Amino acid sequence: MERISKISELKPLLKKAKQNGKIIGLVPTMGFLHQGHLSLVKKIKKKVDIVVMSIFVNPTQFGEGEDLDKYPRDLKRDSKLSKKVGVDYLFTPGESEIYRENFQTEVSVKELQRGLCGQKRPGHFNGVTTIVTKLFNIVDPDFAIFGEKDFQQLRIIEQMVRDLNFDIKILHGEIIREDNGLAISSRNKYLDDQEKQRAQGLRKILLYGKKLLTDIITKNNKNITVDEIKLKLKKKLKEKYDINKIDYINIIDYETLSDIQEIKKQDIVIAAAIYVGKTRLIDNIIIKH
Ligand code: AMP
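Summarised in this report is the structure supplied together with it. (Residues numbered from 1 in each chain as written. Predicted model: local features only at pLDDT ≥ 70, side-chain atom pairs only at ≥ 80, totals over all residues. Heavy atoms only, no water.)

## Quick look at the sheet that holds strand S5 (residues 143-147)
Test applied: Pairs of strands are assigned from DSSP output, requiring at least two bridges between the strands. The numbering of helices and of strands both runs from the N terminus, where a helix is a DSSP run of H or I of at least 4 residues and a strand a run of E of at least 2. Note on definitions: angles span 0 to 180 degrees between N-to-C directions of axes, and those axes are lines fitted to C-alpha atoms, for helices only across the stretch in contact. What makes two residues a contact is simply this: any of their non-hydrogen atoms within 4.5 Å.
Strands sit in the order S1-S4-S3-S2-S5-S6 across an open sheet of 6 strands; the sheet is parallel. Edge positions in the sheet fall to strand S1 (2-4) and strand S6 (169-173), since each of these pairs with one other strand and no more. In this sheet, adjacent strand axes meet at a mean angle of 25° when their direction is disregarded. By the bridge criterion, 2 bridges tie strand S2 (residues 24-29) to S5 in an arrangement that is parallel. Note that in S5 the partner of Leu-26 across the bridge is Ala-144. Sheet strands touched by helix H2 (residues 35-45): S2, strand S3 (50-55), S5 and S6. Its angle to S5, the strand with the most contacts, is close to 150°.

In C-alpha cells form, the structure reads like this:
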C-alpha cells in the first residue's frame, strides 16, 4: 500500500492504471477506521482492481459547535488497518491541499437534504457533496461505496451522481454492528460504558418499529397509524433507555426520503438520530416491500 497526500501524485498514478485497463474503486472516509469502514473495502474489492481509500476530516461538513476539533484521528493505526484489508492507495490530503486559497464552489443536492440530518445540521450535506465531488474528480473511480449507516448521505450521493452524470457506480455497504447491536461509528469512542448500554436502545426501538410496520404490511393491521408508531418508539427510548434528546425518528420512503403517512407498496426506512449524553448517534433500518 502507498500513502499519498498530494493530488498531483495520486492523479497520474490512477490515470495510468486506468489506461492499462484497471478498474478503480473509491472508499471515502473520515478515518479512525473501524469494521464498518473495512467492510466497505472488502465489498468493493470484489468489483475492482485498485482500491483507493481517502481519509479526510472535512471541515465544511461540520457545523458550528460540532465536534470537528475533537473528532478522533489516528493515521498510524488507520494506515496499518487499511493495508491489512488490502487498500492500494491511502489518500490522506491536508486541508490546504483540498481547499486552496480562494476556494468558492459548492455542490448542493437540494430536495433530499431538506429533512432528517439535513434539517438538524444545516450546510452539512453541501459539505459532503462538495468534498465527494472533489474526490470523484481527483480519483476518477469506476465504483465508489458508501455505508447504509448514513442513509440520507447515500441517497444524496446517488442523486448527485445521476444529476451530474458522473460515470460512477455507487455500491451500498450494509451497517456493521457490535455484538450488542450498536452500529459501529468513530463517534462511539465518546461514549462511556453506561452511555454505550443506553445507546443499544436505538437498535432495539428500530427493530420494534420494523415489527410494528411489518404487521401493518403483512397482516393489514389497521389498529395503529404510522404517527402512533413514531410516538411509541420515542416513548420507549425515553422510558426504557433514558434517551431524552431525540433529534428525529422518521418513517420515510426509501427513494424520496419523505415522511410516510400511509403504508403503500414501497420500501420504507425508519431513520433516527439521538443524543446519548453529548454524543449524537444515527441509525436506521430498511424494510423492503
Ligand atoms: P465516516 O468515516 O464516518 O465518514 O464514514 C465513511 C463511510 O463509512 C461512510 O460511507 C459511512 O456510511 C460508512 N460507515 C460508517 N460506519 C459504518 C458502519 N457501522 N457500517 C457500514 N458502513 C459504515
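## Focus on the side chain of Ser-186
Our working rule: Two N or O atoms count as a polar contact when they lie within 3.5 Å, although within protein this holds only if one can serve as hydrogen donor and the other as acceptor, and sequence-adjacent residues are included solely when both atoms are side-chain atoms.
Relative to the helices and strands, Ser-186 resides in the loop between S6 and helix H8 (193-219). Polar contacts involving the side chain of Ser-186 include one to the main-chain carbonyl oxygen of Gly-31, which spans 3.4 Å. Leave out the neighbours within four places in its chain, and Ser-186 touches Gly-31, Phe-32, His-34, His-37, Tyr-71 and Pro-72.

## What about the site of the ligand?
For the record, the criterion: Near is defined per residue: the residue qualifies when any heavy atom it owns lies within 4 Å of the molecule or strand. Each accessible area is a Shrake-Rupley result for a 1.4 Å probe, and residues are judged covered by the shown protein chains and nothing else.
In the vicinity of the ligand there are 17 residues, among which His-37, Gly-147, Asp-150, Ile-176 and Ile-184 approach most closely. Within the side chain of Asp-150, one N or O atom sits 2.6 Å away from an oxygen atom of the ligand. Burial of the ligand by the surrounding chains reaches 92%, relative to a free accessible area of 490 Å². Looking at the shell around the ligand, the elements that each hand over two or more residues are S2, H2 and S5.

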